[in-house]
Each structure stands twice: as C-alpha cells, then as structure tokens.
Amino acid sequence: MRLVKIIDFIFAARPMLLLPVWSIYLISFRQINYQEPFTSHSFLLLAGVSLMVAGAYFINQIFDYESDLINKKIGFLQKGLISRREMTAAFMTVSAISLIISLLAGWEALALYMLIFLLGYFYSAPPLRLKDRPFWGLIANGFGYGLLLPFLVIGFFKAPIDE
C-alpha cells in the first residue's frame, strides 16, 4: 500500500475527533484511578477504543457519501482517494483489532467494546441512523462518551494484560 494511501486512511479516521475520546478516557482514568499509574494495560484499552471509534468514523463516511458530497465535507470517498470497498475493509479491520484488544482485557471489556461498536454502527447506518434523530443522536453520544468510556477505566479490567 502506498504511503499516501496510508496517510489518507489516518486522516479519514478523523484524528482530531478522537481528541474528545482521549480526553474523556484520561480524565476518567485520573478521577477513578487517581492513585494508580497509567499502565500499558490502560494504554492498550485507550488504543482499542480509539480504533473502535475510528471505525465508527469510517462507517459514517460510507453512509453519508451523498450528503458529504453535497456539503463538500471530507472527500476521501468523493474524490476517489479511498474506495467504498477500502473504507469498508478499514472499518472491519480496525473494529476487529479493537475487539481482539478488548478480549485481552476480559469479557467485561469485550461487552463494553461491543456496545461501542453497535452504537457507532447504528449512529450512521440504516435503519436507525441515530445521528439523523436529534433526541436519539444526543442520547447515543451521551451514552457513548458519558458512560461507556468511563466504564472502561473503572478498574475491573486489570489482570490479563498487566500480569
């Protein structure tokens, strides 16, 4: 794969939109585990959830192709820099890697990652398209950022990775 194509995928993952994910995770970590160090386990959970959210951003671009074309947004698909097939493959790849990472942390983490996956998918995909429903879009974002991310750092995901 060309270096430019790899860079296209990095930017299609919307790294600036990952900043709230990282901020909420890190603030939650500090509030919940204020005496615990930030370990490789903590970083791995953050990396996994970052990949899962990046996957949600990929799938969003697939389902918003027409509206993004009209509004001249992003343009990776619209300009042919990345094909729908490649974007779908990227979605499936980062989601699968994220789920594998969650398995390393335990079944509870897998359950939370699955909820994040489903929420990210149904936020953009028919028939629910939660983002197009003001109340449900707000609830989805509040649930994802306000509950699921902090739950990742509560502390019952300690053993398998750090041992």
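Residues numbered from 1 in each chain as written. Predicted model: local features only at pLDDT ≥ 70, side-chain atom pairs only at ≥ 80, totals over all residues. Heavy atoms only, no water.

(A) Just the packing of helix H5 (residues 84–105) against helix H6 (residues 107–124), in detail. Between H5 and H6, whose axes approach to 6 Å, the crossing angle comes to 155°. In this view, H5 runs roughly antiparallel relative to H6, as classed from their interaxial angle. Considering the relative orientation of H5 and H6, their crossing is right-handed. Here Phe91, Ser95, Ser98, Leu99, Ser102, Leu103 and Ala105 of H5 lie close against H6, whose contacting residues are Trp107, Ala109, Leu110, Tyr113, Met114, Phe117 and Tyr121. (Axes fitted to C-alpha atoms, helices over the stretch in contact; angles between N-to-C directions. Helix = DSSP H or I, 4+ residues; strand = E, 2+ residues; numbered from the N terminus. Parallel < 35°, antiparallel > 145°, perpendicular 65-115°, else oblique. Left-handed = near helix turned anticlockwise from the far one by under 90°. Contact = heavy atoms within 4.5 Å.)

(B) Spotlight on the pattern of salt bridges. What the rule picks out here adds up to six salt bridges. The partner of arginine 129 in a salt bridge is aspartate 64, with the nearest N and O atoms 3.2 Å apart. Placement of the pair is arginine 129 in the loop between H6 and helix H7 (134–152) and aspartate 64 in the loop between helix H3 (40–63) and helix H4 (65–71), with a sequence separation of 65 residues. The same class applies to arginine 129 and to aspartate 64, which are both buried. Here the salt bridges do not stand alone but share partners, grouping Asp64, Arg129, Lys131 and Asp132 into one network. (Salt bridge = Lys/Arg side-chain N within 4 Å of Asp/Glu carboxyl O. Buried < 20%, exposed > 50% of the residue type's maximum accessible area, 1.4 Å probe, protein only.)

(C) Seen up close, the side chain of glutamine 61. As for its placement among the helices and strands, glutamine 61 is situated in helix H3. Since its relative accessible area comes to 3%, glutamine 61 is described here as buried. In this structure, glutamine 61 is in contact with Ala12, Arg14, Asp68, Ile74, Phe76, Leu77 and Met87, ignoring residues within four places of it in sequence.

(D) Representation of H3 within the structure. In this model, H3 (24 residues) spans 35 Å end to end at C-alpha, consistent with the 34 Å of a helix rising 1.5 Å per residue. The element H3 is extensively covered by neighbouring structure, given that 18 of its 24 residues are classed as buried. Between the side-chain oxygen at the start of H3 and the backbone nitrogen of histidine 41 there is a gap of 3.3 Å, and the oxygen is on threonine 39. (Expected span 1.5 Å × (residues − 1). Polar contact = N/O pair within 3.5 Å; in protein donor to acceptor, adjacent residues only side chain to side chain.)

(E) Highlighting the confidence of the model for the protein. In the predicted model, the protein carries a mean pLDDT of 90, and the fraction of residues at 70 or more is 94%. Within the protein, helix H8 (residues 159–162) has the poorest average pLDDT of any element, 45, and H5 the best, 96. Per-residue pLDDT stays below 50 along residues 159–163; that stretch engages in nine contacts with residues further than four places along the chain or on separate chains. (pLDDT = per-residue confidence, 0-100.)

(F) Highlighting unusual backbone geometry. In this structure, the amide linkage connecting proline 126 to the following residue, proline 127, adopts the cis form with an omega of 5°. Among the structural elements, proline 127 can be located in the loop between H6 and H7. For arginine 129, which is not glycine, the phi torsion reads 40° and is therefore positive.

(G) Representation of the nonpolar core within the structure. Counting 22 residues, the largest nonpolar core has Val21, Tyr25, Leu45, Val49, Tyr113, Ile116 and Leu152 as its most contacted members. Among the secondary structure elements, those contributing two or more residues to this core are helix H2 (15–32), H3, H6 and H7. Among the elements that take part in this core, H3 stands out by supplying six residues, more than any other. Among the nonpolar cores identified, the runner-up in size contains 15 residues, and Ala12, Ala13, Ile59 and Phe91 belong to it. (Core = buried A, V, L, I, M, F, W, Y, C linked by side-chain atoms within 4.5 Å.)

(H) Structural view of the packing of aromatic side chains. Tallying each qualifying case throughout the model produces eight aromatic pairs. Geometrically, the ring pair formed by tyrosine 121 and phenylalanine 122 is edge-to-face, given 5.3 Å between the ring centres and 80° between the ring planes. By the ring-pair criterion, three or more aromatic residues cluster together here, those being Phe63, Phe91, Phe117, Tyr121 and Phe122. Of note, arginine 84 hangs over the ring of tyrosine 65, and the distance from its end group to the ring centre comes to 4.3 Å. (Phe/Tyr/Trp six-rings, centres within 6.5 Å; stacked < 30°, edge-to-face > 60°. Lys NZ or Arg CZ within 6 Å of the ring centre and 35° of its normal.)

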